[in-house]
Amino acid sequence: MPSLLEQMDRARSDGKLRADAAENIRRMLSGEESDFAARVIGELSRAGEWEELNDRFYKTLAFGTGGLRGRTIGKIVTPSEFGTPTALGRPEFPCVGTNAMNYFNVGRATRGLVIYIQKWRTRQGIEGRARIVIAHDTRHFSQEFARLAAETASANGCDAVVFEGPRSTPELSFAVRYLNADAGIVITASHNPPHDNGYKVYFSDGAQVVEPHASGIIAEVNKVGGTGSVPSQNVRDDTAVVPPAGEMTIVGQEIDRAYMERLETLILNRRLMERTRDLKIVYTPIHGTGGVIVKPMLRKIGLNFSVVLEQDQLDGRFPTVKSPNPENAEALNLGISLAQKQNADLVIATDPDCDRMGVAVRTLSGEMKLLSGNQIGSLLAWYRAKTFFDLGILNKENASRGVIIKTFVTSDLQKAIAEKFGLRCVDTLTGFKYNGAKLKKYEELAEAQNYRELSEEETRRLRLEKSSFYIFGGEESYGYSAADFVRDKDGNAAVIMFCEVAAYAKSRGLTLDDLLDQVFCEFGYFEERNHSVYFEGADGAEKIRRLLISYDENPPRQMLDSAVTRVQNFEKDTIRDSDGDEIPKEKMLIFELADKTRTAVRGSGTEPKIKYYLFGARLPANGKLSREELARAKTEIGNRLDALWIWLERDADQRLAK
C-alpha cells in the first residue's frame, strides 16, 4: 500500500491536489508531531476530500487587517478531529491545516511574536523580561488557544498576563496600556461565523500592529518550524538559547474596574442621562463578551435596560443567530422582539468580542428601524462635536486641533460635519490599526512621558495645546471609538456613547431617526450601500485575485450611464491624508463618477470576499435641505445606488468569465 506521502504525490499528479497544498502537507508530515496530522490527512484522503485538503493547505495563514483569522472547525470534520466532543458538541481538536486556526498557527505566531519583541527590546536598550497580555472571547477553542499562547510566551522567557475568563478586544487594548506591556494577544474572530477563530496582535501602544512591526513579526513567524497539530511541549524550536521561563499571572476585576472608570469619562452630559430615566433600552451581547462590561456600566450610569436572556449565555455556537454580526438584521431579531414587548426605545447589540455595535431604533410609527454603521457613526460624531462646543471645551480658536478620524470607505457625512464645525477630518485605510497609529502620533506630539498615568481631562488639555484632540473615530462596519485610552474600536464605549445620543433625542421629544433627519437637513443627505461577493476556499482566493487585478489593469470607463471621471489606485498611487502622512499601499480602488456617486472596491482582510462600497450624496443648495428635498433625495439616491449595484454585479461576472 502506498505511503501517505506517495498518495499525496499521486493526487498531485492526477490534478486532485494543488502543488502548494501538496508541499505544505509534505512539510507538516515531516514535523515532530506529525502522527495526529497524518491520521487526519489520511482520513480526508481515503474519503476523496481533495477540495477540503486544498482549502486547508493551499497557503499558510498570514496577518491581514485583523491579524490571523480562519477556520478552526473544517467544512468536513474527520473522526480523529471530532474525538470526544465537548458538552456543546464542539470537536475535541481544531482542524489540521496550515490555512487553519489551530495549535500550529497559534504556536508559531506566538513564538514569532516573542522573538520579535525580545529583539526589539534589545534594540531599544530595554532590560528585563518582556510582558504580553492575553485575552480571549467565547468562541470554540478560544480558551485553549489563549492558554497555549500564554504557555508558549512564558516558556520562551516572557511574562504572560492572562484574563481569568472571556474579555472584550477593547479591554485587551486598554490592558496593554494600563499594564505597560510590550504586546497583547486576543483570540477572537470578531463577528465571523462559529466555525472561525482568529489571533490579533497588539503592540506596546495598545493598537494592532502596523509597519514596520507587522512585517518584522511575520518574518520571525515564518522562520518558526513545527507542526503543532496538537499542543506541544516543544514551544521553541529555533537555535537561540532559551531564556529562563517567565511568570504567568491571572488578572480580571482590577482591569475591569480601571477600564470602567475610563469609560465613564466618555459621558459628556451626566445630568442629561440622569434626567432621561424614561429611556428604555434592550441590550444583547449575542453570546459574547459584551455583558462583562456593558451590563455593569449601564447599571452604574443608572439607565433603564433589559437584556436578551437567550443571548446572555457565553456560547461559541451562537445558537440563536445565523451569524453573530450586529450588522445583520437577523442578529437583532430577539432584541427587537423584546423591545416590542417592553415598548423600548432602542435595541443595542455587540458582537462576540464586543468591538462592534449595531442598533435598532423606534420610529414615530412604532416600528423598530435598523441604522447603518455609517448612520450610527455620523450621529455619534455630530453629537460629540456639538456637545464639546456647547461645553466650551472646543471653540473657534482651538477647533482646528479637534479631529474626527474615519476610513476612506466611511460616509463623507462625517467629513461634512467636521468641516462645518471647523474640525479636521482624517481618512485612513480600513482597519482600526490605522486609527491607532494616528492616536500614537498625536500622543507623541503631546510630549508627556507619563501620558498613560494622566486623567482624561489632563490629556485633553495637552492635546488641545500641543497636538490633536480626538473627538470621534469610526468605520462603516459598525466600529467606533472616541477616546485614546483604547486604541481599537470599542463596543463597550459605543454603547455608552449611543445611549447618551438616545437620551439627548428623548429629551428633545425626538426619535433617533428624526434626529438623524435633522442632521441630514443641516449637512446634506448622504447614503451608502455596502455589498460583498464571497469566494470561499483556494479557488475562491484565485477569483478574488483575478477580479482585483482586472479592476487594476482594466478599470471601467463608465458605470451605468455615467462616465468615470477619476480613479484612485491605493496600491500604485501616492496618496496622503489631511495630516500630510502617506497612506500605506493597499489593493483598493475608488471610482468617482460624473454624477458624483462613488464606488470603492477592495478585498476583505478577514473574510474570503470582495467588498463594494457605493456612495451617493445631495448637498444643500441654500444652506439647508427642506424636508421635501430630503425625501426626494432619499428616493433618487437610493434608486441610483440600487441600479449601480446591479451593474457592478454583472460587470464582475463578465470580468471573471474572461
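(A) View of unusual backbone geometry. That bond from Glu-211 to Pro-212 is cis: its omega, 5°, falls within 30 degrees of zero. Looking at the element boundaries, Pro-212 is found in the loop between strand S5 (196–203) and helix H9 (213–223). Phi angles above zero are rare outside glycine, and Tyr-478 is one such case at about 70°.

(B) Examining the pattern of salt bridges more closely. For the coordinates displayed, the defined rule picks out 58 salt bridges. For the salt bridge of Arg-463 with Glu-456, the shortest nitrogen-to-oxygen distance reads 3.4 Å. A single burial state applies to Arg-463 and to Glu-456, both of which are buried. Where Arg-640 meets Asp-595, a salt bridge forms, and the shortest distance between an N and an O atom there is 2.8 Å. With Arg-640 in helix H21 (residues 627–657) and Asp-595 in the loop between strand S19 (588–593) and strand S20 (598–603), this residue pair connects regions lying 45 residues apart in the sequence. The network of salt bridges with shared partners includes Arg-177, Arg-262, Glu-443, Glu-456, Arg-463, Asp-484 and Arg-487.

(C) Fine view of the packing of aromatic side chains. Per the stated rule, a full pass over the model turns up 19 aromatic pairs. Considering the side-chain rings of Tyr-103 and Phe-145, the 5.5 Å spacing of their centres and the 85° angle between planes classify their relative orientation as edge-to-face. You can see Tyr-103 sitting in helix H6 (residues 103–124) and its partner Phe-145 sitting in helix H7 (residues 142–155), a full 42 residues away along the chain. Judged by centre distance (6.4 Å) and plane angle (85°), the ring pair of Phe-174 and Phe-485 falls under edge-to-face. With Phe-174 in helix H8 (residues 169–178) and Phe-485 in the loop between strand S15 (479–481) and helix H18 (491–507), this residue pair connects regions lying 311 residues apart in the sequence. Per residue, the accessibility class of Phe-174 equals that of Phe-485, and both read buried.

(D) Just the nonpolar core, in detail. One finds Phe-498 and Tyr-612 to be the most contacted residues of the largest nonpolar core, which totals 113 residues. Top contributing element to this core by residue count: H18, with 12 residues. Sequence-distant contacts of Tyr-612, defined by excluding residues within four places in its chain, comprise Arg-529, Asn-530, His-531, Val-533, Leu-547, Tyr-551, Ala-600, Val-601, Trp-645, Leu-648 and Ala-652. One finds Ala-153, Ala-183, Val-209 and Val-221 within the second-largest nonpolar core, a separate group that totals 35 residues.

Cut-off values and rules
- Counting from 1, residues in each chain are numbered in the order their sequence is written.
- The predicted nature of this model means local features are confined to residues of pLDDT at least 70 and side-chain atom pairs, given and counted, to a pLDDT of 80 or more, with totals for whole chains, interfaces and linings taken over all residues.
- Calculated side-chain values reflect all of the structure's heavy atoms, with hydrogen atoms and water omitted.
- For the purposes of this entry, the term helix denotes a DSSP run of H or I that reaches at least four residues, the term strand denotes a run of E that reaches at least two, and both are numbered from the N terminus.
- We count a salt bridge whenever a side-chain nitrogen from Lys or Arg sits within 4 Å of a carboxyl oxygen from Asp or Glu.
- Only protein chains enter the accessibility calculation, which uses a 1.4 Å probe. A residue is then buried if its area is under 20% of the maximum for its type, exposed if over 50%, and partly exposed in between.
- Put simply, two rings from Phe, Tyr or Trp (the six-membered ring, in Trp's case) pair if the centres are within 6.5 Å, and we call them stacked under 30 degrees between planes, edge-to-face over 60, tilted for the rest.
- The set of buried Ala, Val, Leu, Ile, Met, Phe, Trp, Tyr and Cys residues whose side-chain atoms join them within 4.5 Å is what this entry labels a nonpolar core.
- It only takes one pair of heavy atoms within 4.5 Å for two residues to be counted as in contact.

In short, shape yes, function no, at least from these values alone.
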